[in-house]
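Summary of the model geometry
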Amino acid sequence: MINSLSILIPCFNVSCFSLVRQLHEQAMAIEGLTFEIIVADDGSTDRQLVASNEMIRRLAHCAYIIRQENVGRAAIRNFLAREAHFDQLLFVDSGVEIHRRTFLIDYLEQADEHSVVAGGVSIPAQNLTQRLKYRYEKEHENRHTVARRQQQPYQSFRSCNFMIPKRLMRTFPFPEQLKRYGYEDVLLGRAFEQHQVPVKHVDNPIAYVHFESNKDFLKKTEEAIDNLKAHVDLLRDYSHLASVAEYLRTARLQWLIRIIFRVMRKQWRRNLCGDHPSLRIFAMYKLGYYFE
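The following refers to the structure shown.

Conventions adopted
- Residues numbered from 1 in each chain as written.
- Predicted model: local features only at pLDDT ≥ 70, side-chain atom pairs only at ≥ 80, totals over all residues.
- Heavy atoms only, no water.
- Pairing = 2+ DSSP bridges.
- Helix = DSSP H or I, 4+ residues; strand = E, 2+ residues; numbered from the N terminus.
- Axes fitted to C-alpha atoms, helices over the stretch in contact; angles between N-to-C directions.
- Buried < 20%, exposed > 50% of the residue type's maximum accessible area, 1.4 Å probe, protein only.
- Parallel < 35°, antiparallel > 145°, perpendicular 65-115°, else oblique.
- Contact = heavy atoms within 4.5 Å.
- Nonpolar A, V, L, I, M, F, W, Y, C, P; charged D, E, K, R; others polar.
- Phe/Tyr/Trp six-rings, centres within 6.5 Å; stacked < 30°, edge-to-face > 60°.
- Patch = residues over 30% accessible without salt bridge, like charges linked within 9 Å, V, L, I, M, F, W, Y side chains within 5 Å.
- Areas by Shrake-Rupley, 256 points an atom, 1.4 Å probe, with all protein chains shown as cover.
- Salt bridge = Lys/Arg side-chain N within 4 Å of Asp/Glu carboxyl O.
- Core = buried A, V, L, I, M, F, W, Y, C linked by side-chain atoms within 4.5 Å.

**Here we look at the sheet that holds strand 9 (residues 199-201)**
Taken in spatial order, the seven strands of this open sheet run 3-2-1-4-8-6-9, and their pairing is mixed. In the strand order of this sheet, the two ends are held by strand 3 (62-67) and strand 9, each with one partner. For this sheet the average axis-to-axis angle between neighbouring strands, irrespective of direction, equals 20°. Note: strand 6 (residues 116-118) against strand 8 (residues 161-165), two bridges, orientation antiparallel. Bridging across to strand 8, V117 finds its partner in M163.

**Focus: the pairing of strand 8**
Burial of strand 8 is extensive: five of the five residues sit out of reach of the surface. Taking every second residue as pointing to the same face, both faces of strand 8 are buried, with N161, M163 and P165 on one and F162 and I164 on the other. Of the pairings in the sheet, the one linking strand 4 (residues 88-92) to strand 8 comprises five bridges and is antiparallel in character. Note that in strand 8 the partner of L89 across the bridge is I164.

**Some remarks on the packing of helix 5 (residues 132-139) against helix 13 (residues 279-291)**
Contact geometry for helix 5 and helix 13: axes closest at 10 Å, N-to-C directions at 95°. Classed by the angle they form, the pair helix 5 and helix 13 counts as roughly perpendicular. Every residue of helix 13 that contacts helix 5 at L132, R135, Y136 and E139 is listed here: L279, F282 and K286. Taken together, the residues of the contact of helix 5 with helix 13 sort by class into four nonpolar, no polar and three charged.

**Observations concerning the packing of aromatic side chains**
Here the structure, examined in full by the defined rule, presents 14 aromatic pairs. Each ring, one from Y136 and one from F282, has its centre 5.5 Å from the other, and the planes form 80°; the classification is edge-to-face. A residue pair is termed long-range when its members are at least 10 positions apart, and Y136 in helix 5 and F282 in helix 13 qualify at 146 residues. A relative accessible area of 19% places Y136 in the buried class. Taken together, a centroid distance of 5.4 Å and an interplanar angle of 80° make the contact between F157 and F192 edge-to-face.

**Let's talk about a nonpolar patch on the surface**
Taken together, the side chains of L253, W255, L256, I259, I260 and V263 define a hydrophobic patch exposed on the protein surface, amounting to about 550 Å² of accessible area. The topology assignment puts W255 in helix 12 (residues 254-272).

**Quick word on the nonpolar core**
In this structure, L23, L90, F103, L104 and I206 are the most contacted members of the largest nonpolar core, which totals 40 residues. The greatest single-element share of this core, amounting to five residues, is contributed by helix 1 (residues 17-28). Other than its neighbours up to four places away in sequence, I206 contacts V92, V96, E97, I98, F103, G120, V121, S122, C160 and N161.

**A short note on the packing of helix 9 (residues 214-230) against helix 12**
Closest axis-to-axis distance for the helix 9/helix 12 pair is 9 Å, and the angle between their directions is 130°. In terms of orientation, helix 9 lies oblique with respect to helix 12. Judged by residue contacts, N214, L218 and E222 of helix 9 engage R265, R269 and L272 from helix 12. A per-class count over the contact of helix 9 with helix 12 returns two nonpolar, one polar and three charged.

What follows is the structure, given as structure tokens:
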């Protein structure tokens, strides 16, 4: 088992002191472990949240770095990797919870010098059916099982919860050409596959418990689709949406989808931003937005 670890948490307009405290308590309890926890704030605009996160600095072996400019999800993760002092890096998204007391131990036992280890996510049941992201994640929860992820280890890679040797992270940094939200982890998974870097999927999830407003989630979805369209040649085999769009384009049906979207867009947005969002409408909205 490895005996040193850098835990890296990118943060934007999220309170993450509770998460850091969870990880800190587990790390302090592991005999012989040398560790650090580095949180990098990517230009948050909510000054109250920034102030609350400054409590992180009170914990031993923890750092909270405030950056004035928002550089994006890929660049902030590369920055964290450069700041890390140890040879194994554990990336964990902010705004999640750790529900397993053996979370760190389980990762340390799986780590080696040549592989990426992905722990996955869980979606605990909550009374949040009015939140579109919660409904979407809960509906597709079966995609996060170890068995399902192992079937397509590279396509299933996500950056929210994974461990990687620092040497590999330097060789395969996050693609900073993606400035907006979405698909930076998919491109990284593609690079791992191209260079035959092993990705081991294990059952060691983080828990999604906080879900943004429907309006914010829809905005992020649109940004991700913009990224997908801009880099579709690289992402076609890694995106279900791109595959469906390619099929419809081959069938010369994209014009029909585009017309339907333009007619229904406002009505669909009202549904998706309301209290009873439909996943069926969400799927149609994404496809229509792709062809717009």
